[in-house]
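# Structural description and commentary
In case you want the letters, here they are:
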Amino acid sequence: MFSWDTTVAFFETFIAKKYYITLLNGVQETLLLTLIATVIGLIIGVIVAMIQVSEFPNRYKWLGSILKRTTKLYVDLIRGTPAIAQVSFIWFVVLAQSSMPRAVVGGIAFGINSGAYMAELIRAGIQGIDKGQMEAGRSLGLSYAQTMKLIIIPQAFRHMLPALVSEFIILIKETAVIGMIGGRDIMRAANIMMSDSGNFIWPILIATATYLVLTSTFTYIMRIVERNMNKGRF
């Protein structure tokens, strides 16, 4: 399979049939799907985490208890089931009649999935801030919400950012299962190349290298941001 003749034949086909365009389209859909999932996941994660760490007034304790139990069930359910099952359920059941593009449906599905993990990251980040910070804010006359907004969350965000970026990088790889609902991501592009060319080695190697380039690029960017944050530039 790695003979010179088969390698040359594959890359001649790669150029002749414009597989590189198929691959670039796959990269575009993967990044779009990942971006949608990250935004949705971050919104869900913030809401869920804030519910879990918030102190509800006495007259709303019952509501707080219901919300906390509901969000805990959501987190446990998502983290305890495979992403491929969640994507299938949303595509074939929840949004079966929808005309939305597969990348958008996949983004919603993975956003719901990612939200559970982001919620835990955000919750841990907020709870990792010294309790004295909350007491200091309240002693200055700030409300609970104001103290969270102005003091706790900005500090927690600095600690959470590397983990949140890591979640984005993980999503790039996990979204490979979107091909099962007809999405044209990187792995789908590799499958098209394998089917058309009859070569099973090079398409997989190209897809693997593409994922490696994407994840390495975002990892490098994350390290630069983290380094600048530690130096107080952000």
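Residues numbered from 1 in each chain as written. Predicted model: local features only at pLDDT ≥ 70, side-chain atom pairs only at ≥ 80, totals over all residues. Heavy atoms only, no water.

### A look at the packing of helix α3 (residues 61–79) against helix α5 (residues 102–127)
The N-to-C vectors of α3 and α5 enclose an angle of 115°; their axes lie 9 Å apart at closest approach. Both α3 and α5 take part in a crossing whose hand is left-handed. Residue-level contacts link Y74, V75, I78 and R79 of α3 to I112, N113, G115, A116, Y117 and E120 of α5. Classifying every residue of the contact of α3 with α5 gives 6 nonpolar, 2 polar and 2 charged. (Axes fitted to C-alpha atoms, helices over the stretch in contact; angles between N-to-C directions. Helix = DSSP H or I, 4+ residues; strand = E, 2+ residues; numbered from the N terminus. Left-handed = near helix turned anticlockwise from the far one by under 90°. Contact = heavy atoms within 4.5 Å. Nonpolar A, V, L, I, M, F, W, Y, C, P; charged D, E, K, R; others polar.)

### A word on helix α8 (residues 186–197)
The terminal C-alpha atoms of α8, which comprises 12 residues, lie 16 Å apart, in line with the 16 Å expected from a rise of 1.5 Å per residue. Residues of α8 that are buried: I186, A189, A190, I192, M193 and M194. The positive-phi residue at the C-terminal boundary of α8 is G198, with phi of around 80°. (Expected span 1.5 Å × (residues − 1). Buried < 20%, exposed > 50% of the residue type's maximum accessible area, 1.4 Å probe, protein only.)

### As for the pattern of salt bridges
Side chains that differ in charge, positive against negative, can pair when their charged atoms come close. In the structure shown here, the tally under the stated rule is 3 salt bridges. Between D76 and K72 there is a salt bridge, and its shortest N-O distance comes to 2.9 Å. Of this pair, D76 and K72 both sit in helix α3, 4 residues apart, roughly one helical turn. Among the residues examined, D76 registers a relative accessible area of 42% and is labelled partly exposed. A salt bridge links R79 to E120, with the nearest nitrogen and oxygen atoms 3.5 Å apart. (Salt bridge = Lys/Arg side-chain N within 4 Å of Asp/Glu carboxyl O.)

### So, the environment of I78
Its place among the elements puts I78 in helix α3. Counting along the chain gives 18 residues from I78 to A96, while the straight-line C-alpha distance between them is 20 Å. Not counting chain neighbours up to four residues away, the residues in contact with I78 comprise Q86, I112, N113, A116 and Y117.

### Details of helix α4 (residues 83–94)
All of the buried residues in α4 are A83, Q86, V87, S88, I90 and W91. Elements in contact with the buried residues of α4: α3 and α5.

### Focus on the side chain of N199
Examined against the element boundaries, N199 turns out to sit in the loop between α8 and α9 (202–230). Given the relative accessible area of 7%, N199 is considered buried. Among the polar contacts listed, one links the side chain of N199 to the backbone nitrogen of I201, at a separation of 3.0 Å. A polar contact is formed between the side chain of N199 and the backbone nitrogen of W202, at a distance of 3.1 Å. (Polar contact = N/O pair within 3.5 Å; in protein donor to acceptor, adjacent residues only side chain to side chain.)

### Some thoughts on the nonpolar core
By size, the foremost hydrophobic cluster in this structure holds 15 residues, and its most contacted members are I122, I126, M134, M148, I152, A156 and M160. Only α2 (19–53), α5 and α7 (144–174) provide two or more residues apiece to this core. For this core, the element with the highest residue contribution is α7, accounting for 7 residues. Apart from the residues within four sequence positions on either side, I122 is in contact with L42, G45, V46, A49 and M160. F14, F168, I172 and L214 belong to the second-largest nonpolar core, a separate cluster that totals 14 residues. (Core = buried A, V, L, I, M, F, W, Y, C linked by side-chain atoms within 4.5 Å.)

### What about unusual backbone geometry?
Phi is positive for K18, close to 55°, though the residue is something other than glycine. With respect to the helices and strands, the residue K18 is situated in the loop between α1 (4–16) and α2.

### Description of the packing of α4 against α5
With their axes 9 Å apart at the nearest point, α4 and α5 run at an angle of 130° to one another. Taken together, α4 and α5 sit at an angle that is classed as oblique. Crossing of α4 over α5 shows right-handed handedness. Two secondary-structure elements touch here, α4 through A83, Q86, V87, I90 and W91 and α5 through R102, V105, A109, F110, I112 and N113. Counted by class, the contact of α4 with α5 contains 8 nonpolar, 2 polar and 1 charged residues. (Parallel < 35°, antiparallel > 145°, perpendicular 65-115°, else oblique.)

### So, the environment of Q28
Assignment of secondary structure puts Q28 in helix α2. Judged by relative accessible area, Q28 falls into the exposed class, the value being 57%.

### With respect to the confidence of the model for the protein chain
Chain-level pLDDT for the protein chain is 84 on average; 96% of the residues reach the 70-or-more range. For the protein chain, α1 is the element with the lowest average pLDDT, namely 77, and α3 is the one with the highest, namely 92. (pLDDT = per-residue confidence, 0-100.)

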